[in-house]
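# Notes for the structure review
So the chains spell out like this:
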Amino acid sequence: MALVDLTGTEDMAAALRELQDHWGPVAPVDLEPGVPGWLVLGHAEVMEVMRTESVFARNPRHWKEQLPRESSLHAILSPAGRRALYYADGPDHRRLRLPVDEAFAGIDEARTAALVRGVCSRLIDSFSAQGQADLIGGYAAAVSFLAVSGMFGFDDKQGIALLRCASEVFGHGGDPVAALATMDQIVLDHVLATREAPGQDLTASFVAHPNFQDDTEIVHSMVVAICAANEMLVTWIAATLRRMLTDPRYTGRVTGVRRGLDDAMDETLWREPPVANLPARYAVTDCTLGSAHIRAGDAIVMGLAAANNDPRVRPADDLFEAGNRSHLSFGVGPHACPARRPGRLVVKIAVESLMERLDLRLSDPDVTWAPSPWSRYPAVLPVTFTPERQVARTPARA
Ligand code: HEM
């Protein structure tokens, strides 16, 4: 089975159970048609892969596959010449990871929250008088990108230019190679400007860090962080909004038992992790995982959606998820997400800002999933609401 068919299927949980019943905790799959790999479905086995980098490495030089030039997997799996934490192992990874950890630890959360609220409010202003909107293209995608690029000190114009490039890099049309080069240039210009006049943002923290050997490492690390954040945030915002708009436990305002946004966010992380299939690790030696015989050079994808719902760890209890953060949706081990807190902050403010201002109703309950081997989110989320009256922006005359 190809991963994109799995994420695009109507009942993904049932498809995962079928795979697990047939193969056990590790199943052979196609990463794209004709490109073989393994999908790890068991919770214990996913933890083993993510924690054992001496056997399951992140660096794609261990991968034996030669992808055709036009393959959509290049940007994520085979990024030749990129020098960032995401593609590194061992001491090299730790050297590149420290500046990222320190930058996120130094974030001013009140200032970040104000920035994200401003982004959300400007976006809602842009469609609130229309009475209808697509919350993916018109909101979730833009909030994610503008919030994260804002945290790095880019203005909205640069943020939008980066967003266009990132979409091409991830294979949604255009020329991915040219788009990545443009993205690098925008980021490099910003790094140079920040060195001249540092602000209070993540870029300033990166630029000042002694662990980077040169500007290429800074640029590649920033591009990875911006891109990694984007897909995850869009998916988490989209799935949480859908849950809040369709699940009677969240929509039942009059029953007095309505559950809150934090619960919806946690439940989403457990049941629909933003990255359903996490790419990838490469086997350094022949080994056995579950009952699968893995060969050196094989690619291994971590099935976070499957692992979070592995019946061996998960009780059938409806209240199990609320406040329980022991899912694998942020990863574990050396590459675990360094930005859990800001990630949660962006998603919470994005959903809250919309729901506080507009009485949203989903206008089409049928879902078409955006095609991706890695994540599963609706291609569109059409809603209607009572249009807001346009507020006159010109000051009244005295
Ligand atoms: C402000 C938003 C975010 C930023 C800037 C960010 C950044 C990053 C970066 C730089 C890494 C690479 C770490 C490394 O290789 O050492 C990473 C890893 C990861 N992130 Fe995030 N992230 C964000 C939000 C999220 C969200 C919302 C999720 C999902 C709930 C998520 C899930 C993950 C996972 C699963 C990994 C592990 C990758 C692996 O083990 O291969 N991230 N993130």
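First things first, this report covers the structure right here in the doc. (Residues numbered from 1 in each chain as written. Predicted model: local features only at pLDDT ≥ 70, side-chain atom pairs only at ≥ 80, totals over all residues. Heavy atoms only, no water.)

### Comments concerning the coordination of the iron atom of the ligand
What counts, and what does not: We call an atom a donor if it is N, O or S and sits within 2.8 Å of the metal, or 3.2 Å for Na, K and Ca. Water is not counted, so some sites may look partial. Helix and strand definitions here come from DSSP, where helices need a minimum of 4 consecutive H or I residues and strands a minimum of 2 consecutive E residues; each element is numbered from the N-terminal end.
Donor atoms from the protein around the iron atom of the ligand number only one, Cys337 (SG), found at 2.4 Å. Assignment of secondary structure puts cysteine 337 in the loop between α14 (304-308) and α15 (340-357).

### Some remarks on the pattern of salt bridges
Counted only if it meets this: We define a salt bridge as a side-chain nitrogen of Lys or Arg found within 4 Å of a carboxyl oxygen belonging to Asp or Glu.
For the structure shown, the criterion picks out 25 salt bridges. Linked through salt bridges whose partners overlap, the residues forming this network are Arg243, Asp247, Arg249, Glu267, Arg271 and Glu272.

### A look at the environment of arginine 242
Quick note on the threshold: Only heavy atoms enter the contact rule, under which two residues are in contact if any of them lie within 4.5 Å.
Assignment of secondary structure puts arginine 242 in helix α11 (residues 215-246). In the structure, arginine 242 is positioned 139 residues away from leucine 381 in sequence and 7.9 Å away in space, judged by C-alpha atoms. Sequence-distant contacts of arginine 242, that is, excluding residues within four places in its chain, are made with Asp247, Pro365, Val367, Trp369, Pro378 and Leu381.

### Description of helix α5 (residues 90-105)
What counts is decided by this rule: Multiplying one less than the number of residues by 1.5 Å gives the expected span of a helix. A residue's bend is the angle separating two fitted axes: one through the seven residues that end there, the other through the seven that start there. Exposure classes here rest on a 1.4 Å probe applied to the protein chains alone. A residue is buried below 20% of its type maximum, exposed above 50%, and partly exposed in between.
Its 16 residues place the ends of α5 22 Å apart at the C-alpha level, agreeing with the 22 Å of an ideal helix rising 1.5 Å per residue. Of all the bends found along α5, the most pronounced is centred on arginine 97 and spans about 30°, while proline 99, a proline, follows it within four residues. All buried positions along α5 are accounted for by Gly90, His93, Arg95, Leu96, Arg97, Pro99, Val100, Ala103 and Phe104.

### As for the environment of leucine 98
You can see leucine 98 is positioned in helix α5. Once the C-alpha coordinates of leucine 98 and asparagine 211 are considered, the two residues, 113 residues apart in sequence, prove to be 7.7 Å apart. In this view, leucine 98 contacts His209 and Asn211; residues no more than four positions away in its chain are not counted.

### Here's the deal with helix α6 (residues 109-127)
In plain terms, the rule: Directions from the helix axis toward the C-beta atoms define the arc. In the analysis that follows, any N or O atom pair within 3.5 Å is treated as a polar contact, provided that within protein one partner can donate a hydrogen and the other can accept it, and provided that, for residues neighboring in sequence, both atoms belong to side chains.
Taking 1.5 Å per residue, 19 residues should reach 27 Å; α6 reaches 28 Å between its end C-alpha atoms and fits that length. Among all positions of α6, only Thr112, Ala113, Val116, Val119, Cys120, Leu123, Ile124 and Phe127 are buried. Along the long axis of α6, the arc covered by the buried residues comes to 130°, so they all point the same way. Tucked inside the fold, the buried residues of α6 contact β4 (132-134), α7 (136-151) and α15. One side-chain oxygen of the residue at the start of α6 lies 3.1 Å from the amide nitrogen of alanine 110, identifying that residue as aspartate 108.

### Digging into the site of the ligand
To be explicit about the condition: By convention in this text, a residue qualifies as near a molecule or strand provided that one of its non-hydrogen atoms is within 4 Å of it. Nonpolar residues are Ala, Val, Leu, Ile, Met, Phe, Trp, Tyr, Cys and Pro. Charged residues are Asp, Glu, Lys and Arg, and all others, Gly as well, are polar.
In the region of the ligand, 24 residues are neighbours, and His93, Arg97, Arg281, His335 and Cys337 sit closest. One of the side-chain nitrogen or oxygen atoms of arginine 97 is found 2.8 Å away from an oxygen atom of the ligand. Only α5, α11 and β5 (277-283) provide two or more residues apiece to the shell around the ligand. Looking at the shell around the ligand residue by residue, the classes come out as 17 nonpolar, four polar and three charged.

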